[in-house]
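Architecture and fold: a report
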Amino acid sequence: MGKESFFAGEETVRATGKINLFLFITGRLSNGYHELETLFVPLPGPADTLVFRSGGRERGLLVRCDTPGIDPGRNTLTRAYDLYAEASGFAPAVDVELVKGIPHGAGLGGGSADGAAVLLWLQRHAPQPLPEETMTALAARVGADVPFFLRGRPCLAEGIGEKLSEAESGVEGMSCVLVCPHVHVDTAWAYAAWDAEMMSFSLTEKTKADKNNRSSYQSFYGKNDFEPVVFAAHPELAALKMQLLREGADIAGMSGSGSALFGLFRNPERAAQAVRTLRERGEEAEVFGPFLL
């Protein structure tokens, strides 16, 4: 398909990340993947910016990104494009300039959000859009968190993250203080550390959240099974979580496998003061929100 037949010019897409209001690891599959139960909530910010431009080729995706640690030739964007093209036959020539606003490797799902943004962009421009169930299956192949980003609503996720049910989070109107320390936590390391430390405990003893009863899982907010192993390796992260609670956060926790931490505040003035205090200590902190879900 020629490049001018579907799209010309430039289109900018904003992709925001997520936090996990709670995260339980409920099992380990034979293929090495871990089963989870978690509540995803989309963040109001920060955001990655994807600028789509018509490419000077017959087909294919070219990604440009200046952020260190991102391989322009192999990433969630290219994987999403390749899988969509394979499933649909739609493989337009397009260049994407990726400007990272979501910290890389912080547990906020920036790469997954970017992959989902490419899938949704292709779906909007495809002459024959794919069925919803096919999109969900493709998203799961891009990454475990990607199906959530197709929805953009709070979701209770199970399995490896692909089994989603929309949920009422109860965080509407709250402000989010996000702290992104200069600590990189490798997700594969975090899972391996959890396997080594936690698999001796009975997973069946963990209380499961009831997706039909919001009050049954709000008591889990701020709990994350990665925290014991990550905090043991990086005690400064545990100290930051406690600092957020001292500053008045109603809920505080680590997102994903870290290292980003969040504090949710019902009082926006206390959120703003928490940011000032954290910055005085040399931390990178911002306030986003309120949530409008």
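Cut-offs applied
Residues numbered from 1 in each chain as written. Predicted model: local features only at pLDDT ≥ 70, side-chain atom pairs only at ≥ 80, totals over all residues. Heavy atoms only, no water. Helix = DSSP H or I, 4+ residues; strand = E, 2+ residues; numbered from the N terminus. Contact = heavy atoms within 4.5 Å. Pairing = 2+ DSSP bridges. Axes fitted to C-alpha atoms, helices over the stretch in contact; angles between N-to-C directions. Left-handed = near helix turned anticlockwise from the far one by under 90°. Disulfide = S-S within 2.5 Å. Buried < 20%, exposed > 50% of the residue type's maximum accessible area, 1.4 Å probe, protein only. pLDDT = per-residue confidence, 0-100. Parallel < 35°, antiparallel > 145°, perpendicular 65-115°, else oblique.

What follows concerns the environment of Leu77. With respect to the element layout, Leu77 can be found in helix 1 (residues 76-88). C-alpha separation for the pair Leu77 and Leu62, spaced 15 residues apart in sequence, amounts to 9.4 Å. When near neighbours in sequence (up to four residues on either side) are disregarded, Leu77 contacts Leu50, Leu61, Val63, Val96, Leu98, Asp114 and Val118.

Right, let's get into the sheet that holds strand 7 (residues 175-179). An order of 8-9-7-10 is seen for the four strands of this open sheet, with the pairing classed as antiparallel. Edge strands, defined here as strands with exactly one partner in the open sheet, are strand 8 (251-254) and strand 10 (285-288). Ignoring strand direction, the axes of neighbouring strands in this sheet form an average angle of 20°. Relative to strand 9 (residues 261-265), strand 7 is paired through five bridges, and the arrangement is antiparallel. Considered in strand 9, the bridge of Leu178 is made with Phe262. With respect to the sheet, helix 8 (residues 235-246) is in contact with strand 7, strand 8 and strand 9, its orientation differing from that of strand 9 by roughly 5°.

Contact pair helix 1 / helix 2 (residues 110-125): the axes reach a minimum separation of 8 Å and the direction vectors enclose 35°. Viewed along their axes, helix 1 and helix 2 form a crossing whose handedness is right-handed. On the side of helix 1, the interface is formed by Thr76, Leu77, Ala80, Tyr81 and Tyr84, while helix 2 contributes Gly111, Asp114, Gly115, Val118, Leu119, Leu122 and Gln123.

A separate point is the state of the cysteines. Considering all chains together, one arrives at zero disulfides under this definition. Left without a disulfide partner, Cys65 is nearest to the cysteine sulfur of Cys180, which lies 16 Å away. Take Cys65: its relative accessible area is 12%, and that puts it in the buried class.

Here we take up the confidence of the model for the protein chain. For the protein chain, per-residue confidence averages 88 on the pLDDT scale, and residues scoring 70 or more make up 90% of the total. Between residues 1-5, whose pLDDT stays under 50, and residues either more than four places distant or in other chains, the model counts 11 contacts. Residue range residues 202-207 is modelled with pLDDT below 50. Its contacts to residues more than four positions away, or to other chains, number nine contacts.

A few words on the packing of helix 8 against helix 9 (residues 268-280). The contact between helix 8 and helix 9 brings their axes to 10 Å, and the two run at 140°. Between helix 8 and helix 9, the angle falls in the class oblique. Handedness of the crossing formed by helix 8 with helix 9: right-handed. On helix 9, the residues touching Leu240, Gln243, Leu244 and Arg246 of helix 8 are Arg270, Thr277 and Leu278.

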